Amino acid sequence: MSATILAAFIMLLPSLAVWQEKTSQLSKLERPEAEQMNTTHSIGFYSLTMPKRLEHVQRFAARHGFQMNIVPGVIAKNLNETELVESGEIVMNFCPPTMTVALAQGHRNALKEFLKSENDFGIIFEDDVAVGGSQIEHRAYGERPILEIMDELASTHDEVKWDWLNLGRCIDHCAEEKVLIERVEGTKNVKLVESGNPMCAHAYMVTRRGAKMLLKNTWPFYAPWDVMPMLMHKASKKNEFKLFSTTPRLFVQDRNLGPSLHTDSNPECFEKMAHRFIGEQWEQLEKNQVSWASETLLYTGKSLRCPAWVDPDEE
């Protein structure tokens, strides 16, 4: 009896291979239509995941029938910011919190995993992702599985040729957004928009071209992960990189971000803070002479000497 229990316990260890197999099995139990669905596009799902959030990601993937690829998160304490600055891997005029550098490295690792596949599109999640109220309560994206919604959103690339599609924007300047698609096919009221400050990177879709452009132009590190794509987009004069968003957003974060965020009536928007951030981004573009040379983003920033570890509270 004890040998049987021990064997069962070993089978439950959260190795990647076992997790992928269990995700497939749970998906069939919880949402059998997801396995039988015919999709038009080849889409891969990738979650940047810290160990303590693995169970949440497993439940999220199983609930929606995602064959999730788990990408281990980068431990910030394992990075030495002094060395990264001295080696030219951080180019800023202030010392960024080390955890923001680690997060950027983690997202880059997820994009690399996507490009190893043959998928045409990749959806990158952070490990606190959850489906938002716009879909759970209001079915803004239609009465259909999330997989089918993802397939339809991929189709919007045919019309507007985006590189990055933000599926969970926050702190945006919504009053000045430009509507690109008035109503996404199969939805009640979902639009595709171009806006000034679509922050938050807990859920976004990229093309293979977009992933390659991001990997080529987000290291050395010069801004937080959700800001670098916005700078790439703002610097574009000939559509070198196109970043758009869906609204209402499909995904949210299941952790409280604090009372200072999302205080407008629309939780995607925070006009006052977004206005400030947009100004800072344009200042950064001008100060560092940011421009495109073919598919390479030119950035002339320099950094101060930074301590090995920079806590967010120190900035």
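Nothing here was measured: the structure is a model prediction, and the numbers come from that model. (Residues numbered from 1 in each chain as written. Predicted model: local features only at pLDDT ≥ 70, side-chain atom pairs only at ≥ 80, totals over all residues. Heavy atoms only, no water.)

Caption draft 1: Summary view of the overall build of the chain. Tallying secondary structure elements over the chain gives twelve helices and twelve strands in all. Looking at the chain as a whole, 53% of its 315 residues are labelled buried. In the chain, of all internal contacts separated by at least 6 residues, the share reaching a separation of at least 24 is 76%. Of the accessible surface of the chain, which amounts to about 15,400 Å², a share of 53% is contributed by carbon and sulfur atoms. (Helix = DSSP H or I, 4+ residues; strand = E, 2+ residues; numbered from the N terminus. Buried < 20%, exposed > 50% of the residue type's maximum accessible area, 1.4 Å probe, protein only. Contact = heavy atoms within 4.5 Å. Areas by Shrake-Rupley, 256 points an atom, 1.4 Å probe, with all protein chains shown as cover.)

Caption draft 2: Here's a closer look at the nonpolar core. Counting 53 residues, the largest nonpolar core has Trp164, Tyr222 and Trp225 as its most contacted members. Elements with a minimum of two residues in this core: strand S1 (43-49), helix H5 (81-86), helix H6 (98-116), strand S8 (203-207), helix H10 (208-217), helix H11 (228-234) and helix H12 (271-287). When residues of this core are assigned to their parent elements, the largest contribution, seven residues, is made by H6. The next biggest cluster of nonpolar side chains, apart from the first, holds 35 residues, and it includes Phe60, Val129, Val184 and Val190. (Core = buried A, V, L, I, M, F, W, Y, C linked by side-chain atoms within 4.5 Å.)

Caption draft 3: Region of interest: the packing of H6 against H10. Orientation of H6 relative to H10, taken along the N-to-C sense of each, is 140°, at an axis distance of 10 Å. As judged from the angle between their axes, H6 and H10 are oblique. Pair H6 / H10 crosses with left-handed handedness. Contact with H6, carried on its side by Arg108, Leu111, Lys112, Phe114 and Leu115, involves Arg208, Ala211, Lys212, Leu214 and Leu215 of H10 and no other residues of that element. (Axes fitted to C-alpha atoms, helices over the stretch in contact; angles between N-to-C directions. Parallel < 35°, antiparallel > 145°, perpendicular 65-115°, else oblique. Left-handed = near helix turned anticlockwise from the far one by under 90°.)

Caption draft 4: Local environment of the pattern of salt bridges. For the structure shown, the criterion picks out twelve salt bridges. We note a salt bridge from arginine 169 to aspartate 172, for which the minimum N-O separation is 2.7 Å. Residue classification places aspartate 172 among the buried positions, given a relative accessible area of 0%. Between lysine 287 and glutamate 283 there is a salt bridge, and its shortest N-O distance comes to 3.8 Å. Of this pair, lysine 287 and glutamate 283 both sit in helix H12, four residues apart, roughly one helical turn. Each member of the salt-bridge network shares a partner with another, and the members are Arg169, Asp172, Glu177 and Glu268. (Salt bridge = Lys/Arg side-chain N within 4 Å of Asp/Glu carboxyl O.)

Caption draft 5: Quick peek at the environment of phenylalanine 94. Note on placement: phenylalanine 94 falls in the loop between H5 and H6. Along the chain, phenylalanine 94 and leucine 304 lie 210 residues apart, while their C-alpha atoms are 6.0 Å from each other.

Caption draft 6: A look at the state of the cysteines. This structure, assessed with the given rule, holds three disulfides. The residue that forms a disulfide with cysteine 170 is cysteine 200, at a sulfur-sulfur distance of 1.9 Å. An S-S torsion of about 80° defines the bridge between cysteine 170 and cysteine 200 as right-handed. Residue cysteine 170 is found in the loop between strand S5 (164-166) and strand S6 (178-181), and its partner cysteine 200 is found in the loop between strand S7 (191-194) and S8; the two are separated by 30 residues along the sequence. For cysteine 174, the disulfide goes to cysteine 269, at an S-S distance of 1.9 Å. The chirality of the disulfide connecting cysteine 174 with cysteine 269 is left-handed, given an S-S dihedral of about -100°. With cysteine 174 in the loop between S5 and S6 and cysteine 269 in the loop between strand S10 (251-253) and H12, the pair connects residues that are 95 residues apart, well separated along the chain. For the chain, numbering the cysteines in disulfides from first to last along the sequence yields the connectivity 1-6, 2-4, 3-5. (Disulfide = S-S within 2.5 Å.)

Caption draft 7: Structural view of the packing of aromatic side chains. Taken as a whole and assessed by the stated rule, the structure comprises twelve aromatic pairs. Here phenylalanine 121 and tryptophan 162 contribute two aromatic rings whose centre-to-centre distance is 5.8 Å and whose plane-to-plane angle is 45°, an arrangement assigned as tilted. Of the two residues, phenylalanine 121 sits in strand S3 (residues 121-126) while tryptophan 162 sits in the loop between helix H9 (157-160) and S5, which places them 41 residues apart along the sequence. For the pair phenylalanine 121 and tryptophan 162, one class covers both residues: buried. With a centroid separation of 5.3 Å and 75° between ring planes, the pair formed by phenylalanine 125 and phenylalanine 251 is classed as edge-to-face. (Phe/Tyr/Trp six-rings, centres within 6.5 Å; stacked < 30°, edge-to-face > 60°.)

Caption draft 8: Spotlight on H6. The end-to-end C-alpha distance of H6, which contains 19 residues, comes to 27 Å, matching closely the 27 Å that a straight helix rising 1.5 Å per residue would cover. Three or more residues of H6 are buried, namely Thr98, Val101, Ala102, Ala104, Gln105, Gly106, His107, Arg108, Ala110, Leu111, Phe114 and Leu115. (Expected span 1.5 Å × (residues − 1).)

Caption draft 9: Inspection of unusual backbone geometry at higher detail. The step from tryptophan 219 to proline 220 runs through a cis peptide bond, and the omega angle for that step is 10°. Following the sequence through the fold, proline 220 ends up in the loop between H10 and H11. Proline 248 follows threonine 247 through a cis peptide bond whose omega is 0°. With respect to the helices and strands, proline 248 occurs in the loop between strand S9 (243-247) and S10. For arginine 139, which is not glycine, the phi dihedral falls at a positive 50°. Here arginine 139 shows up in the loop between helix H7 (133-136) and helix H8 (146-155). Classification of arginine 139 by relative accessible area gives partly exposed; the value is 29%. The phi dihedral of serine 294 falls on the positive side, at around 60°, and the residue is not glycine. Locating serine 294 in the fold gives a position in the loop between strand S11 (291-293) and strand S12 (296-298).

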